[in-house]
Amino acid sequence: MKKKPNYKLIIGGIVILAALGYLLITATRSNTQYFMTVEELLSQKSELEGQKLRMSGAVVGESIQYDPATLDLSFVVAQIPGDHRLIEEMGGMAKVLAEAVADPNAARMTIHYNGVKPDLLKDEAQAIVTGSLDAEGVFQATELLMKCPSKYESILPDQVED
Amino acid sequence: MFFLGLGTFILASVLMLVCLVLVAWQLVHKQTEISALVRILTNLGFGLHTLSIIALLIMQVSQDYSNSYVVGVINPALPTYLKLTALWGGQAGSLFFWSWIINLCLVIALNRRHILRDNWGYLFALINLIFFSGISLFLENPFSRVWQLTNGNLIDSLFSPAEGAQVYSGLIGTGLNPLLRHWGMIIHPPVLYIGFGAFLLPFSETLSHLILKGDGEDLVARLRPWLLIAWIFLTAGIVLGSWWSYDVLGWGGYWAWDPVETASLIPWLISTGLLHSMFLQQKKNIFRRINVILILGSYLLILFSILITRAGLISSVHAFGESSISIPLTLFLLASLVLSVGLLIWRWKKMDSGWEFESWYGRDSLFLYTLVLLAAIALVCMWGLLYPLATGAFTGNEIILDRGFYDRAVTPLLVLLVLLMAVCPLVGWSVASLKKLGNRALIPLIAAVLATVAAFVWLSKSWVALLSIFIVALGLMVLVLTTIRDLRTAEKPLGTFWKMRSRYGAFLVHSGILLIMLGIVGVEGLSQSIVGTLIPGDKMPLGDYGVEYRELTESFDSPEYLSVRAQIDLWQGDKVVARLTPGQDVYASRSQYVSIPGKHSTLAGDFYTIMLDYDSMMGYISLQATINPLVNFMWIGSLFLCLGAAFSLSSPMVLEQANWDRKESEEDEETDAD
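Being a predicted model, the structure only gives us computed values, none of them experimental. (Residues numbered from 1 in each chain as written. Chains lettered and ligands numbered in written order. Predicted model: local features only at pLDDT ≥ 70, side-chain atom pairs only at ≥ 80, totals over all residues.)

S.K.: Could you give an account of the overall build of chain B, with specific residues and numbers?
M.R.: Along chain B, the regular secondary structure elements total 19 helices and 14 strands. The C-alpha atoms of chain B give 28 Å as radius of gyration, which agrees with the globular expectation for 674 residues (26 Å, within 12%). The principal-axis extent of the C-alpha atoms belonging to chain B is close to 95 × 85 × 55 Å. Evaluated residue by residue, chain B yields a buried proportion of 49% over its 674 residues. Sequence separation of 24 or more characterises 69% of the internal contacts of chain B that already satisfy a separation of 6 or more. (Helix = DSSP H or I, 4+ residues; strand = E, 2+ residues; numbered from the N terminus. Rg over C-alpha atoms; globule rule 2.2 N^0.38 Å. Buried ≥ 20, exposed ≤ 12 C-beta atoms within 10 Å, placed from the backbone. Contact = placed C-beta atoms within 7 Å.)

S.K.: Can you break down the confidence of the model for chain A residue by residue, with the values?
M.R.: Note: predicted coordinates in regions of low pLDDT should not be interpreted at a detailed level. With 86% of its residues at a pLDDT of 70 or more, chain A shows a mean pLDDT of 80. Under a pLDDT of 50 for its full length, residues 151-162 of chain A has, in the predicted model, 25 contacts with residues more than four places off or in other chains. (pLDDT = per-residue confidence, 0-100.)

S.K.: Requested: an account of the domain arrangement of chain B, with residues and values cited.
M.R.: Residues and elements named next belong to chain B. By the assigned domains, chain B splits into domain 1 (1-167), domain 2 (185-401), domain 3 (425-523 + 644-673) and domain 4 (528-629). For domain 1 versus domain 2, the separation of C-alpha centres amounts to 26 Å. Listed per partner, the contact involves 23 residues of domain 1 and 24 residues of domain 2. Breaking the side of domain 1 that touches domain 2 down by element, the ones donating at least two residues are α5 (91-112) and α6 (119-139). Of the residues in the side of domain 1 that touches domain 2, the class split is 14 nonpolar, 7 polar and 2 charged. (Domains from an automatic or database assignment. Nonpolar A, V, L, I, M, F, W, Y, C, P; charged D, E, K, R; others polar.)

S.K.: Run through helix α1 (residues 2-28) of chain B, naming residues and quoting values.
M.R.: One turn of the α-helix equals 3.6 residues, which is why residues spaced by three or four share an orientation. Residue and element names in this part refer to chain B. The end-to-end C-alpha separation of α1 is 39 Å, in line with the 39 Å expected for 27 residues at 1.5 Å each. When α1 is considered as a whole, its buried residues turn out to be G5, L6, T8, F9, A12, S13, L15, M16, C19 and V23. At its buried positions, α1 is contacted by α2 (36-61) and α6. Positioned one or two residues after α1, K30 has a phi angle of 60 degrees, which is positive. (Expected span 1.5 Å × (residues − 1).)

S.K.: Give me the lowdown on the packing of helix α12 (residues 363-395) of chain B against helix α13 (residues 403-423) of chain B, citing residues and values where you can.
M.R.: All names here are of chain B. Where α12 contacts α13, the axes come no closer than 10 Å and their chain directions differ by 165 degrees. By the angle between their axes, α12 is roughly antiparallel relative to α13. In this structure, α12 crosses over α13, and the sense of that crossing is left-handed. Taken together, the residues of α13 that come into contact with α12 (itself represented by L366, Y369, T370, L373, L374, A376, I377, V380 and G384) are F405, Y406, A409, V410, L413, L414, L416, L417 and L420. Looking at the contact of α12 with α13 residue by residue, the class counts come to 16 nonpolar, 2 polar and no charged. (Axes fitted to C-alpha atoms, helices over the stretch in contact; angles between N-to-C directions. Parallel < 35°, antiparallel > 145°, perpendicular 65-115°, else oblique. Left-handed = near helix turned anticlockwise from the far one by under 90°.)

S.K.: So what's going on with the sheet that holds strand β3 (residues 166-167) of chain B? Residues and values would help.
M.R.: Residues and elements named next belong to chain B. Read from one edge to the other, the open sheet built from 3 strands follows the order β2-β1-β3, with strand pairing classed as antiparallel. A single partner strand is all that each edge strand has here, and the edge strands are β2 (154-157) and β3. Inspection of the sheet shows strand β1 (residues 145-148) paired to β3 by 2 bridges, in the antiparallel sense. Counterpart to Q148 in the pairing with β3 is Q166. (Pairing = 2+ DSSP bridges.)

S.K.: If you had to explain unusual backbone geometry to someone new, which residues and values would you point to?
M.R.: Residues and elements named next belong to chain B. The phi dihedral of K30 falls on the positive side, at around 60 degrees, and the residue is not glycine. The residue W257 is not glycine, and still its phi comes out positive at about 55 degrees. Residue placement: W257 occurs in the loop between α8 (219-248) and α9 (259-284).

S.K.: I'd like to hear about the environment of E140(B), residue by residue, with values.
M.R.: Residue and element names in this part refer to chain B. Structurally, E140 can be placed in the loop between α6 and β1. On the basis of neighbour count, E140 is assigned to the buried category, with 21 C-beta atoms found within 10 Å. In the structure, E140 is positioned 71 residues away from Y69 in sequence and 9.8 Å away in space, judged by C-alpha atoms. Aside from chain neighbours lying at most four places away, what touches E140 is Q91, A92, L95, I135 and I325.

S.K.: Please set out the pairing of β1(B) residue by residue, giving values where relevant.
M.R.: Residue and element names in this part refer to chain B. The pairing of β1 with β2 spans 4 bridges and is antiparallel. Its bridge partner lying in β2, R145 is registered against S157. Count of turn residues in the β1/β2 antiparallel hairpin: 5 residues, of which G152 carries a positive phi of about 95 degrees.

S.K.: Explain the sheet that holds strand β5 (residues 528-534) of chain B to me, and be specific about the residues and the numbers.
M.R.: Residue and element names in this part refer to chain B. Read across the sheet, 4 strands follow the order β5-β14-β13-β12 without closing on themselves; strand pairing throughout is antiparallel. Of all the strands in the sheet, the pair left with one neighbour each is β5 and β12 (598-602). Across the sheet, the mean angle from the axis of one strand to that of its neighbour is 15 degrees, orientation sign disregarded.

S.K.: Before we move on, can you summarise the pairing of strand β6 (residues 139-147) of chain A with the specific residues and values?
M.R.: Residues and elements named next belong to chain A. Bridging between strand β4 (residues 108-114) and β6 involves 3 bridges; their strand directions are parallel. Pairing of I111 across the sheet is with F139, part of β6. Relative to β6, strand β5 (residues 126-133) runs antiparallel, the two sharing 8 bridges. Considered in β6, the bridge of G131 is made with A141. The turn joining β5 and β6, which pair antiparallel and follow one another in sequence, is formed by 5 residues; a positive phi near 85 degrees is taken by G137.

S.K.: I'd love a proper account of α6(B), names of residues and values included.
M.R.: With 21 residues, α6(B) should reach 30 Å at 1.5 Å per residue; the first-to-last C-alpha distance of 29 Å fits that figure. Most of α6(B) is tucked away, with 15 of its 21 residues classed as buried.

S.K.: Just give me the short version of the nonpolar core, but keep the residues and values in it.
M.R.: Core analysis: the largest hydrophobic core is formed by 210 residues, its most contacted members being V77(A), A125(B), L201(B), I377(B) and M517(B). Of the residues forming this core, the biggest block, 17 residues, is contributed by α8(B). Excluding anything up to four places from it in sequence, L201(B) contacts C105(B), A109(B), I115(B), L116(B), A125(B) and W226(B). Residues V547(B), A566(B), I568(B) and I610(B) belong to the second largest nonpolar core, which totals 21 residues. (Core = buried A, V, L, I, M, F, W, Y, C linked by C-beta atoms within 7 Å.)

Here's what the structure looks like:
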């Protein structure tokens, strides 16, 4: 049994798809960020200035400075790899974070943020920071996200890794 | 306890495999009825699985630190209830718990006999159970122990990793992250898991239906209770997570488009679409294909959501971190997807329900638009989740879509969807006439315009906020007036109301959505905030409120942390309306603190304070105060979602409903005639 195609439905479908496509593309264009490591940021500093970026690094505890009156917060993060698999091979996130903070030769970058200090901002936390690089090479953050892998992961290596 | 726990778990797994073999053998011999033996073995297996869970719980409560999982989630100072709920506080335990929830759903279904009525349905559910139990057993075993080698090194292993190694129980854990010690967060995972697990049964049953029968008829009527229950739990789980983040995380955020949140929203959107399209199938026997697709899609998207949460592919606050389960889980998801799509294609022709698109504004078409909009929002979410992965794979540089992307892409779709929902009750089942629509819409329209004008004068000048308020007012008026009209024309209003529970349950859910929208307008568009540093006796004004800082108190309520609290009087006019105690719980041993907000909640909104910093020597604090108007409508609305669905669930889809609607459409035609 052949039915003649329903043109109303087809035209409606095309209009909806076109509208959705337009919405997705315009929303994507104005809201993308590159996800980068500290090293990548430092090596492409001049090209990236002013662009919207997201980066991840290990928080260096002693560098945290916070003025609760003005909500000015600044801290330094050290280079950690961006690749999850590589981090696993290096012994897990907690270990990588601790080594990055302890390593004086690791690439480092200063973050500046104006706002409430996150509860989890502390030494050897993983900071995922959104914002942009300014002319002085300071990362001006608009959003902070902190993760603290539990310490016990690093105390207890899996049998496979030995 | 180790041997009891692991032993019962292994035995339970063996029984699952035995059932698998039995069922497969029967299917090869074309027997589709589930045998009594399989039923007994399944119940027995569930009993063993439960014993195994109990053994782990006993280890948690008795602080058996030879168990690695206990080391990770327990510390001596945790109160007992948190030692119990730590079962789902870490990766291994929560996966184990999840496999038990699947087993629970399976056993309930098998014993109730409304669903999973044949070997095929049972088989697919069982395969899921075996898969997740296998992950628990082989990859993330919660019974794994701490071993000390002869050289003193510690190792995490189930059995002795080397000669001379000893079980070691000297590691004391740091316990559950304090941020998670909130009852919203404590019940959020189990509620969500039950929702997830309950979707597995319709999924399995639908696959079985496709294999055995495949015309899509009579399927949703049977699955309806399960789908509704699953939807209620999924909704409650998502809302609890949102409420937790509003209440605990300190910045008053209720939704951040975090990948994990977004991933759990996708099955919710799709299953919400399902609740609508299955209603049409029950009424007019149409949309059969769409229903089958949506049932299968809901569970596949739940697997996808589990993958996002568990595998750590995407950076997220919630993610459990990197784990070995991402590859098996991805393969399992792909296999389920291929099977579902294959069966769908095979039965595609047979499921044709012969529906024709007749009118742009008939109620069928409005339901179709609802589905399209829900699917479009789901697609936007999917795009947002996968874009970083795709760009990472193709260009080597992950490109992330931030909150602005979702705000921009979802807002217009959401507004359209809610508008559609608001006007839907105005449109009759038969092709509605525009004139009649106009008559019914008149009073709600006037009310909505008045509300919008009032909002423009007193509340906000933002057009998105005003449009939303217009839609909320319109929608609520339409729902109330329709209910009044229904009941006035009925002979026995109360009897009708009770008989038509599924209709008024749906109305309640819809009014819940409207209230949630009102809450979102309040938080996003109308909130005000101020930050100040105060010494005792200082006052700080905000809106028609003022806060007066009295003193700073410190106490050791728990051996684990120091509670620092600012004592604050909240003034409204010349009266103190509340005493707020925002502060911090300082966990010295973890070098972490948790902000505890101080809140004054009324229907008009929350007055929300966070202590950003303090100096106990000088006695000053720095305080952020925020007014979130209307925010509590969000939680009331969420409650309506669950209550409405439960109310609807209590009523079987009965003939009275169909009769009623026939009456309604006749009435439509009568008035059309004048």
